[in-house]
There are 2 protein chains.
Amino acid sequence: MAMDRDQVLRDAAALLSRKSTATMDEVARAAGIGRATLHRHFAGRDALVRALEDLGIREFEVAFDNARLDEGTAVEALRRLVAEAEPNAQLLAFLVTENQLFEGDEVNEGWARLDARVIALFRRGQEEGDIRIDLSPAWLTEALYGLIGSCAWAVMDGRVAAKDFQYMIIELLLGGARRSVEK
Amino acid sequence: MAMDRDQVLRDAAALLSRKSTATMDEVARAAGIGRATLHRHFAGRDALVRALEDLGIREFEVAFDNARLDEGTAVEALRRLVAEAEPNAQLLAFLVTENQLFEGDEVNEGWARLDARVIALFRRGQEEGDIRIDLSPAWLTEALYGLIGSCAWAVMDGRVAAKDFQYMIIELLLGGARRSVEK
DNA sequence: AAAGAATGAGACGTGGGTGTCTCAATTGGG
DNA sequence: CCCAATTGAGACACCCACGTCTCATTCTTT
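Residues numbered from 1 in each chain as written. Chains lettered and ligands numbered in written order. Predicted model: local features only at pLDDT ≥ 70, side-chain atom pairs only at ≥ 80, totals over all residues.

Draft legend 1. Structural context of the relation of the copies chain B and chain A. Mapping chain B onto chain A calls for a screw motion: a turn of 180° about the axis and a shift of 0.0 Å along it, with 0.1 Å RMSD after fitting. Seen this way, the second copy is the image of the first under a two-fold rotation axis. Closest approach to the rotation axis among the C-alpha atoms of chain B is made by Gly176 of chain B, whose C-alpha sits 1.8 Å away. Comparing interface residues between copies, 100% of those in chain B also lie at the interface in chain A; the contact surface is shared. (Least-squares fit on C-alpha atoms with pLDDT ≥ 70 in both. Contact = placed C-beta atoms within 7 Å.)

Take a look at the structure:
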């Protein structure tokens, strides 16, 4: 007994991140519980996805806290951020694409809070002179999400080694692909 | 009369790129035709999506040709590639996420061909000394797709100005976010 | 103008996922 | 040890989208 709601959410996240069209029955099996029990705790599929959103927001708020975005240079904070985000990268990818379906609807305020923190981080980097000012913080934030999601999928497909996750993202995001004499 | 199959596909792409869960009926309306007619030309939803894949592959093969990936430096070719890809960025984003659902299935060989061309481009850049060798061509390719898709969504949501599309992608991909004294 | 082809609108049956319910079995608390 | 609560399995109806079909209409073609 004693269904662990949070554990169920994590199992659901693990499955839906890979197969976003998974059935409620598949989710239940993945979580090791019956479909009825799943419905008892989450009114329906929408409620489940919304709960996953809340889980993701919670996870990333913790990750952001752990990354101590306000300490040190913005570049250093960004490195910590990517490192902290890695365990939940797949969940992020799922939620980002899921959010793109909600056209028109106002975005969950939790996302707005997280976005604001990342945007503020990039802005701080710009003010400190470490981040280019010709790339808007909003775009850098989107790009960060996109790169994290892309890399998560690439790792899942075996096109990128899991151990290179942080390096590939940070190096590309910060340094870019071009080779320069002075970096 | 005279249903323009290619135009229908483009309308379908425009809609499905924004709302990937759109109904066959919605697709038909978006294309200005009846649902029955849509079914007459595409056996079903799967066939439609596959036709969209073919369309996307055709479009991007043309785009790659126009970008003349073999001419000039790899960096120059990459700039041309992003410029040529811009009109079909949304379609690319749709097809990439759609492809992620086909777990296990062998990927359409058309994608493999396109991937190979981009990978070869990055590899050429590495051999010419213009592209960093610590970022694998496969990852750079994924990142390129990801950034194009992210930017397309950001433009659609108004978070990035449409006119900045190419600049934002190219500058971030090539130069990175970090500000350096010598660029 | 007549014949043929293609279309749009709608009706219809089907399938798959959803959400609800029941009931026996298991678990945990008193 | 017993009772209450929770669970799993299954049955059930429902809904929505899909795919097929019909038929009147419209357009092409000759």
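Back to the text.
Draft legend 2. How the structure looks around the interface of chain B and chain A. Contact residues are listed per partner, giving 41 residues for chain B and 42 residues for chain A. Listed by contribution, the elements that provide at least two residues to the side of chain B that touches chain A are α6 (89-101), α8 (137-156) and α9 (165-175) of chain B. Tallying contributions element by element places α8 of chain B first for the side of chain B that touches chain A, with twelve residues. (Helix = DSSP H or I, 4+ residues; strand = E, 2+ residues; numbered from the N terminus.)

Draft legend 3. Highlighting the protein's contact with DNA strand C. Not every one of the 16 residues close to DNA strand C is listed here, only the nearest: Met24 and Gly44 of chain A together with Met3, Gly34 and Thr37 of chain B. When contributions to the surface near DNA strand C are tallied by element, the ones reaching two or more residues are α2 (24-31) and α3 (35-41) of chain A together with α3 (35-41) of chain B. Across the surface near DNA strand C, the residue classes break down as eight nonpolar, five polar and three charged. (Near = placed C-beta within 6 Å. Nonpolar A, V, L, I, M, F, W, Y, C, P; charged D, E, K, R; others polar.)

Draft legend 4. Broad picture of the environment of Ala28 of chain B. Residues and elements named next belong to chain B. By secondary structure assignment, the location of Ala28 is in helix α2 (residues 24-31). Assessed through the 20 C-beta atoms surrounding it within 10 Å, Ala28 is described here as buried. C-alpha of Ala28 to C-alpha of Ala51: the two residues are 23 residues apart in sequence and 15 Å apart in space. Ignoring anything within four residues of it in the chain, the contact list for Ala28 reads Ile33, Gly34, Arg35 and Leu38. (Buried ≥ 20, exposed ≤ 12 C-beta atoms within 10 Å, placed from the backbone.)

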